[in-house]
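Report on the structure
Each chain is listed here by its residues.
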Amino acid sequence: MYSSPLPKNITEKIADKPCVSDTVGESDSTVLIFKDCVLKIEPTNENADREYAALQWLQTRLSVPKILAFAQENGRNLLLMSKLNGTMACDALAKNIPYTVQALADGLKTLWHMDISDCPLYSTLDIRLRQAKQNIENGSVDTEDFEPQTLSSNGFSDIHALYAYLVQNQPAADLVFTHGDYCLPNIFIEDGKAVGFLDLGKAGIADRWQDIALCVRSLEHNICHFCGLPKSEFLRAKELLYTKLGITEDPEKLKYYILLDELF
Ligand SMILES: Nc1ncnc2c1ncn2[C@@H]1O[C@H](COP(=O)(O)OP(=O)(O)OP(=O)(O)O)[C@@H](O)[C@H]1O
Ligand SMILES: [Mg+2]
């Protein structure tokens, strides 16, 4: 199950305990789920390093997995962490949409209430656009994963045109602490509350629509594609999310942050 031997500080914690491999994540990481801990092995890169830094800073500030051991060797980051309680929001959604939306709104409000005055993690647009440019240059942008309309006759001609649009149309920032990839498989919920946040490589100070936009997009994917429900169900869930958050839709920011995420 492992491509090469694991470092001692990791093996001494997991010994030869049984595990299953996660099938939810889509990145090139390997996630091994044990009874009470999880081992995430990723190629060493900026995102993986930022994930570890974010987890370190958040240990005492937010409900994130506890770091049990960490190693960096042979071009890999190995992070052994505690297993979160609760249910992945995408699993809960299939059973009860309003309950899940309520918990997702609760999670966003928890993030917005965090004190960012001493936060060393920045994910502002200057940083995200630099990373997006790097992703284009090193060929890691997968246009197969794009929303169908992004590269269409009504959309952009190619990823360079999309990037130019993002650079030229940066919206004014309303900064809060953001998760950075607030999609349903990354949020664990229980009793109508968000009880755990994971996959934090893009976490940091950014505009609040970074998270709202990806939450809305993820609600649509899960409700319409995975649950096979009509679009009206998604629109109802989106309105409920805004009501619970006490906001109205900002169509420009919603569109902008969904487009930005195409380049990651
Ligand atoms: N600490 C944890 N506790 C419980 N489940 C976890 C934990 N870490 C990972 N998982 C499970 O593994 C899945 C994938 O983990 P994660 O999102 O960190 O990996 P990823 O490969 O980066 O995914 P993505 O495709 O979202 O980038 C999660 O959605 C969750 O179901
Ligand atoms: Mg994930």
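Residues numbered from 1 in each chain as written. Chains lettered and ligands numbered in written order. Predicted model: local features only at pLDDT ≥ 70, side-chain atom pairs only at ≥ 80, totals over all residues. Heavy atoms only, no water.

1. Regarding the domain arrangement of the protein
Split by domain assignment, the protein resolves into domain 1 (8-82) and domain 2 (87-262). Computed over C-alpha atoms only, the centres of domain 1 and domain 2 are separated by 23 Å. Across the boundary between the two partners, domain 1 contributes 16 residues, which contact 26 residues of domain 2. Interface area for domain 1 against domain 2, summed over the two sides, is near 1,600 Å², with a carbon-plus-sulfur share of 60%. Note that R61 is salt-bridged to D118, the shortest N-O span being 3.5 Å. In this structure, the connection of domain 1 to domain 2 is made through eight residue pairs in polar contact (both at pLDDT 80 or more). With nine residues, helix α2 (residues 46-58) is the single largest residue contributor to the side of domain 1 that touches domain 2. Across the side of domain 1 that touches domain 2, the residue classes tally to nine nonpolar, two polar and five charged. (Domains from an automatic or database assignment. Contact = heavy atoms within 4.5 Å. Buried area = accessible area lost by both parts, 1.4 Å probe. Salt bridge = Lys/Arg side-chain N within 4 Å of Asp/Glu carboxyl O. Polar contact = N/O pair within 3.5 Å; in protein donor to acceptor, adjacent residues only side chain to side chain. Helix = DSSP H or I, 4+ residues; strand = E, 2+ residues; numbered from the N terminus. Nonpolar A, V, L, I, M, F, W, Y, C, P; charged D, E, K, R; others polar.)

2. With respect to the site of ligand 1
Near ligand 1 lie 21 residues; those nearest to it are E26, S27, S29, K40 and D199. Between ligand 1 and L84, the relevant distance is 2.9 Å, taken from a nitrogen atom to a main-chain nitrogen or oxygen of the residue. Within the side chain of N186, a nitrogen or oxygen atom sits 3.1 Å from an oxygen atom of ligand 1. Here ligand 1 has 610 Å² of accessible area as a free molecule, and 91% of this is covered by the chains. Among the elements of the structure, β2 (30-33), β3 (37-43) and β5 (76-82) are those that each provide at least two residues to the shell around ligand 1. Counted by class, the shell around ligand 1 contains 11 nonpolar, five polar and five charged residues. (Near = heavy atom within 4 Å. Areas by Shrake-Rupley, 256 points an atom, 1.4 Å probe, with all protein chains shown as cover.)

3. Some remarks on the packing of helix α5 (residues 125-137) against helix α9 (residues 251-262)
The N-to-C vectors of α5 and α9 enclose an angle of 35 degrees; their axes lie 10 Å apart at closest approach. Of the residues in α9, those in contact with L125, R128 and L129 of α5 are Y256, Y257, L260 and D261. For the contact of α5 with α9, a count of residues per class yields five nonpolar, no polar and two charged. (Axes fitted to C-alpha atoms, helices over the stretch in contact; angles between N-to-C directions.)

4. Re the coordination of the magnesium ion (ligand 2)
With distances of 2.2 Å, the protein atoms coordinating the magnesium ion (ligand 2) are N186 (OD1) and D199 (OD). Here D199 lies in the loop between β9 (193-197) and β10 (204-207) and N186 lies in the loop between β7 (175-178) and β8 (187-190), a separation of 13 residues in the sequence. The class for N186 is buried, based on a relative accessible area of 6%. What makes D199 partly exposed here is its relative accessible area of 23%. (Donors = N, O, S within 2.8 Å, 3.2 Å for Na, K, Ca; no water. Buried < 20%, exposed > 50% of the residue type's maximum accessible area, 1.4 Å probe, protein only.)

5. Let's talk about the environment of F70
Counting through the fold element by element, F70 comes out in strand β4 (residues 67-73). C-alpha separation for the pair F70 and P7, spaced 63 residues apart in sequence, amounts to 9.3 Å.

6. As for α2
The end-to-end C-alpha distance of α2 is 18 Å, a good match for the 18 Å that 13 residues give at a rise of 1.5 Å each. Inspection of α2 places A48, R50, E51, Y52, A54, L55, W57 and L58 among the buried residues, and these make up the whole buried set. Tucked inside the fold, the buried residues of α2 contact β3, β4, β5, α5 and β7. The N-terminus of α2 is capped by N45, whose side-chain oxygen sits 3.1 Å from the backbone nitrogen of N47. (Expected span 1.5 Å × (residues − 1).)

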